[in-house]
Amino acid sequence: MTGLLAEGLVARGLDVTLFATLDSETSAHLDGVCPHGYAEDPGMDGRVWEAMHVAHAFSRSAEFDLVHNHLDWLPLAFAEHCRAPLVTTIHGFSGPGILPAYARANSAYVSISDSDRADDLDYVATVHHGIDLAGLPFSPDGGPGLVAFGRVHPDKGTDAAIEIARLSGRPLTICGIVQDERYFMERVAPHVDGEQVIFLGSVGPKQRAEILGGSAALLHPISFDEPFGLSVVESMACGTPVVAYRRGSMPEVVDEGVTGFLVSNAAAAAQAIERIDTIDRAGCRARVEQRFGADRMVTDYLTVYRDIDLGRQGH
C-alpha cells in the first residue's frame, strides 16, 4: 500500500520521499538505513533496524510538509521528535497493549475500515486500500475450484475453508505462508491430497492472479475481525466473487449479491457456493474498479493531507 501510494502521489506531481529498505524500487526519492528486508536475513534484528529506520526518518522530518507513517506503533513512541505534521494509517492493531502509544502521540489517524477503529482514538478519515488493477487482469470464465488465499492460521479459518469445499463437492487450492505450524500439521496437512485439497504455499504476483482468476470463488471464513482483507479485493478484481464470514470489515468490502456473499458458518457458505454463478464476474471487476483502485486511494489521501494542512493553518 505504501509503495502504491508513493507512486500515485509522484504521478500527481508531489515531491515524495519514501523511507524504505534501500533495495526498494520507487519513482519517489528513496531513503533509509536498512539495505534489504530484515525478514530475509537471519543475521539482522528487525527491532534494531526498525528503530534506526524511524530515527533516521524523523531526523529529516523538518524537511517535509507532512510525514505519513505506515509502521504501526514504534514511530508514535517517538512522535515528539517529528518536526512536521504526522499522519498514521493504522493497518490493524496487533493487540491492546500498543494502544498507549497511539493515545499519547501527536498524530492524526486514518483507519483502513470503519470497523477497525479503537473507541478511544479520534480519526480524520477512513481510507480503504487501493490495488494495482493492472497486475490483476480480469478473468471472465473462472473455473470450478475454490481458493483460500492468505496466511495459514486459525484467524483465517483455513480448516473452515477445507470443510466448505468438502460440503460443496469442489476442489480447494490453498495459498499462503504457514504462520501457525502446529495448526497446519493438525488441521490442514492431513486433508492435503493434491487433488481435492491442494496446498501451494506462498505464490508470486503472476501466479496469484492466475489462481484467483481461475477459481469459482474465494473462501474467506475468518474467525477474527479482519481489518480489511486485501486478498478479498484482489480476488474480486479478477472477477472471482467472495464467500466470507460476516466479521470485521467484510460488510464494508463485499457488496452482497454483487461481489459475493456474506455468511455465518460453513453450511451457509456451501449454500452460497451453489449460487455463485448468479454473481456477474464482469460486475465484480467493475465494482472493484469503482471502489478499490489505487487512484481512488491516492485521491482520498490527498484529501486527508489537505484537511490536515488546513487545520494547521487554522490554528
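Further up the page is the structure itself.
The structure contained in this document is the topic of the report that follows. (Residues numbered from 1 in each chain as written. Predicted model: local features only at pLDDT ≥ 70, side-chain atom pairs only at ≥ 80, totals over all residues. Heavy atoms only, no water.)

As a further point, take the packing of helix 5 (residues 158-168) against helix 6 (residues 181-188). Between helix 5 and helix 6, whose axes approach to 10 Å, the crossing angle comes to 20°. Considering the angle they form, helix 5 stands roughly parallel to helix 6. Considering only the axes of helix 5 and helix 6, their crossing is right-handed. Only Tyr183, Arg187 and Val188 of helix 6 make contact with helix 5, whose side of the interface consists of Thr158, Asp159 and Ile162. Classifying every residue of the contact of helix 5 with helix 6 gives three nonpolar, one polar and two charged. (Axes fitted to C-alpha atoms, helices over the stretch in contact; angles between N-to-C directions. Helix = DSSP H or I, 4+ residues; strand = E, 2+ residues; numbered from the N terminus. Parallel < 35°, antiparallel > 145°, perpendicular 65-115°, else oblique. Left-handed = near helix turned anticlockwise from the far one by under 90°. Contact = heavy atoms within 4.5 Å. Nonpolar A, V, L, I, M, F, W, Y, C, P; charged D, E, K, R; others polar.)

The next subject is the layout of surface pockets. In this structure, the second largest pocket encloses a volume near 200 Å³. Along the walls of the second largest pocket sit Met1, Gly3, Leu4, Ile131, Asp132, Gly135, Leu136, Arg208, Leu230 and Glu234, which together make up its complete lining. Those elements that provide at least two residues to the lining of the second largest pocket are helix 1 (2-11) and helix 8 (230-237). Grouping the amino acids of the lining of the second largest pocket by side-chain chemistry returns five nonpolar, two polar and three charged. (1 Å grid on protein atoms, 1.4 Å probe; cavity = no way out; pocket = protein on both sides within 12 Å on 5 of 7 lines; lining within 4 Å. Points joined across faces, edges and corners; volume = space filled by probe spheres on them.)

Glancing now at empty space enclosed by the protein. The gaps left among the atoms become clear once a water-sized probe is rolled over them. All told, the structure shown has one cavity of 30 Å³ or more when counted by the stated rule. Of the pockets and cavities examined, the largest cavity occupies roughly 80 Å³. Lining the largest cavity are Ala148, Phe149, Gly150, Arg151, Val152, Lys156, Thr158, Ile174, Cys175, Leu219, His220 and Pro221. The set of elements that each furnish at least two residues to the lining of the largest cavity consists of strand 7 (146-149), strand 8 (172-175) and strand 10 (217-220).

It is worth spelling out the pattern of salt bridges at this point. Inspection of every chain in the model, using the stated rule, returns 16 salt bridges. For Arg12, the salt bridge goes to Asp295, with nearest N and O atoms at 2.9 Å. With Arg12 in the loop between helix 1 and strand 1 (17-19) and Asp295 in helix 12 (residues 294-314), this residue pair connects regions lying 283 residues apart in the sequence. Residue class for Arg12 comes out partly exposed when judged on its relative accessible area of 36%. Linking Glu63 and Arg60 is a salt bridge whose minimum nitrogen-to-oxygen distance equals 2.8 Å. When its relative accessible area of 52% is taken as the criterion, Glu63 is described as exposed. The class for Arg60 is partly exposed, based on a relative accessible area of 21%. A cluster of three or more residues bridged by salt bridges with shared partners is formed by Asp31, Arg60 and Glu63. (Salt bridge = Lys/Arg side-chain N within 4 Å of Asp/Glu carboxyl O. Buried < 20%, exposed > 50% of the residue type's maximum accessible area, 1.4 Å probe, protein only.)

This part takes up the nonpolar core. Ranked by size, the top nonpolar core spans 56 residues in total, and within it Leu172 and Met236 carry the most contacts. Sort the elements by how many residues they give to this core and helix 5 lands first, with five residues. With sequence-adjacent residues up to four places away left out, Leu172 is seen in contact with Leu146, Val147, Ala148, Ala161, Ile162, Ala165, Gln196, Val197, Ile198 and Leu219. Counting 19 residues, the second largest nonpolar core, distinct from the first, contains Leu18, Ala108, Val110 and Met297. (Core = buried A, V, L, I, M, F, W, Y, C linked by side-chain atoms within 4.5 Å.)

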